[in-house]
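Fold and contact review
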Amino acid sequence: MEELIKLENIDAGYNGSKIIENISLSVKENDFLGIIGPNGGGKSTLIKVILGLLKPSSGNITVKKGMKFGYLPQFTSADKKFPISVKETVLSGLLSGKKLFRPFSKKDHEDAEDLMRKFDLDGIQDSPVGELSGGQMQRAFLCRAMVSHPDILVLDEPNSFVDKDFARDMYQILLELNGRMTILMVSHDTGVITSYVKNIACINRTLHYHPGSDITSDMLEKYTCPVELITHGSLPHRVLRSHKIGGAK
Amino acid sequence: MIELLSYQFFVKALITALMTSVLCGLIGSYIVSRRIVFIGGGITHTSFGGIGLGYYLGINPVITAAVFGILSAIGIKAASDKADIREDSAIGIFWALGMALGIIFIYLTPGYAPDLMTYLFGNILMVSIYDIWLISVLGLTASAVFYFLFNEIHSIAFDEEFAKTQGVKVGLINYILISIIALTIVLNIKVVGIILVMSLLTIPQTTASIITKNFRNMIFLSVIIAIISSFSGLFISYFFNIPSGASIIFCSVIIFLLVKISNSFFLFFSK
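Rules behind the numbers
- Residues numbered from 1 in each chain as written.
- Chains lettered and ligands numbered in written order.
- Predicted model: local features only at pLDDT ≥ 70, side-chain atom pairs only at ≥ 80, totals over all residues.
- Heavy atoms only, no water.
- Helix = DSSP H or I, 4+ residues; strand = E, 2+ residues; numbered from the N terminus.
- Buried < 20%, exposed > 50% of the residue type's maximum accessible area, 1.4 Å probe, protein only.
- Contact = heavy atoms within 4.5 Å.
- pLDDT = per-residue confidence, 0-100.
- Pairing = 2+ DSSP bridges.
- Axes fitted to C-alpha atoms, helices over the stretch in contact; angles between N-to-C directions.
- Salt bridge = Lys/Arg side-chain N within 4 Å of Asp/Glu carboxyl O.
- Buried area = accessible area lost by both parts, 1.4 Å probe.
- Polar contact = N/O pair within 3.5 Å; in protein donor to acceptor, adjacent residues only side chain to side chain.
- Nonpolar A, V, L, I, M, F, W, Y, C, P; charged D, E, K, R; others polar.

Quick word on the side chain of N151 of chain B
By the element assignment, N151 of chain B lies in helix α7 (residues 150-158). Classification of N151 of chain B as buried rests on a relative accessible area of 16%. When near neighbours in sequence (up to four residues on either side) are disregarded, N151 of chain B contacts L95, K98, R102, P103 and F104 of chain A together with R216 of chain B.

Written out as structure tokens, the structure is:
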């Protein structure tokens, strides 16, 4: 498997403070890597470093040449009044392949329209994005992230704003996409993540990589992963390996 | 009314109003959509320092104001991005510094500053051929930039981080746009004055955004509304003998109110 991204001893943060420390991570082709960790543990910071949005204060990052990123940002309050339609939003995911000074090509429009049809957005493609429901908006942003057929799809908390039905569909779509592209997903939802990802990394200032997708009690104890989410989780079909009673704090 | 067109100064004013409307309609749509109206206010008032410096050195105040305007735009961005100062605080500091410098320079300049009032309140009837050329060249440049980079600009304005991940030259395009904004403001100071220049960049755009939620249409509508405001303001200022800058802004507010009220009626009855 070819290595797409390699991080070596990365320190990064904002305004001189370190949020993440000494991170080394390698993301290989066709991986489906889940990154979990507590709030404020540095999940989004790590993603920003990987995407090149935040310069690390020390360490090395190597990204395969010419790699295309698809990015689904954390669902914050997108500017509800900004004049941009659903279709324009999806099309903006094709800017990396568009020639400068030229409009989007006919194929770009067709690709965007096909994807919107698949995600049930074709009826509202001219609506302003700010007027959509949370679930519709998330679908529009997911379309924007994947319309360019990126080499790697980076998702920051993709399940935070979708309804339960669409959440299941979305994970099915991601599994399907994983045949063609690498996926890197940040989530606080440890229950769901284990049933879809191939590998897990746990980040709480420092990072620990766990090949395989089981969450072990070892991970919970040593690396202070969000235990409460696991003990209180109501999602079925979760297997915790070597889970001792009273073992997890 | 026809005989008005035989006066050269009035024809010049009409051409200026037209070019200003195109420029402000376009740039203002970007400013309003991106919610950087306050940055525009900061640039406007900082450039007053440049006007003062121009008087003091005895050179065209428009040139020094342009330098101050662009430097303040870059300074505000750098202060908030790199020096960890909150953006609104940085704007407030530049705003005050520019006004203070302007007052100091004008005080130090011997004699009375004759057309200082022109810069504070503007006078579209006093613009020179040179000013018209500058506004026209800037209007054409801005139109070309928006025409050829429309999708990039639209995407950056909506979600800068996402645009960066797609390899869009966000930094470069931001600097080009902020320079165009600074120059637009400075060149329009002569037309409507420091005190009113921001309204030309916000009122027609806000009116347009009541009618359309499409960025392209918003730009076209803003330009048209700006043209109607400035032409009607110009005629009113002539017939009632009141300052042109104030009457142009007054007309744009009246149009805003008319559109807002009729839109509310429309929504009420279409329910």
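That was the structure; now back to the text.
So, the confidence of the model for chain B
Per-chain confidence: chain B averages 92 in pLDDT, with 99% of residues scoring 70 or above. No element of chain B has a lower mean pLDDT than helix α5 (residues 116-121) of chain B, which averages 80, and none a higher one than helix α11 (residues 203-211) of chain B, which averages 96.

Quick notes on the sheet that holds strand β1 (residues 3-12) of chain A
Residue and element names in this part refer to chain A. The antiparallel open sheet is built from 3 strands, whose spatial order is β2-β1-β4. Only two strands of the sheet have a single partner each, and these edge strands are β2 (20-28) and β4 (58-63). Ignoring strand direction, the axes of neighbouring strands in this sheet form an average angle of 10 degrees. With 6 bridges joining them, β1 and β2 adopt antiparallel strand pairing. Among the inter-strand pairings, K6 is bridged to a residue of β2, identified as S26.

Observations regarding the pattern of salt bridges
Residue and element names in this part refer to chain A. Applying the stated criterion across every chain yields a total of 17 salt bridges over all chains. In this structure, K18 and D11 form a salt bridge, with 3.3 Å as the shortest nitrogen-oxygen distance. Residue classification places K18 among the partly exposed positions, given a relative accessible area of 37%.

Side note on the interface of chain B and chain A
Each side of the interface is counted separately: chain B has 22 residues, and chain A has 30 residues. On the chain B side of the interface with chain A, the three residues burying the most area are F158, F162 and Q166 of chain B, jointly 29% of the side's total. Taken together, the connections running from chain B to chain A amount to 4 salt bridges. The shortest N-O distance in the salt bridge between D79 of chain A and R35 of chain B comes to 2.7 Å. Counting across the interface, chain B meets chain A through 5 residue pairs in polar contact (both at pLDDT 80 or more). Every element with two or more residues in the side of chain B that touches chain A is listed here: α7, α8 (160-165) and α12 (215-240) of chain B. Top contributing element to the side of chain B that touches chain A by residue count: α7 of chain B, with 6 residues. By residue class, the composition of the side of chain B that touches chain A is 8 nonpolar, 7 polar and 7 charged.

Focus on unusual backbone geometry
Residues and elements named next belong to chain A. In the Ramachandran plot, D120 falls in the positive-phi region, its phi being about 65 degrees despite a non-glycine side chain. With respect to the secondary-structure elements, D120 resides in the loop between α3 (106-118) and α4 (134-146). According to the relative accessible area criterion, D120 is exposed, its value standing at 60%. Unusually for a residue other than glycine, R205 sits at a positive phi of about 70 degrees. Its location among the elements puts R205 in the loop between β8 (199-204) and β9 (206-211).

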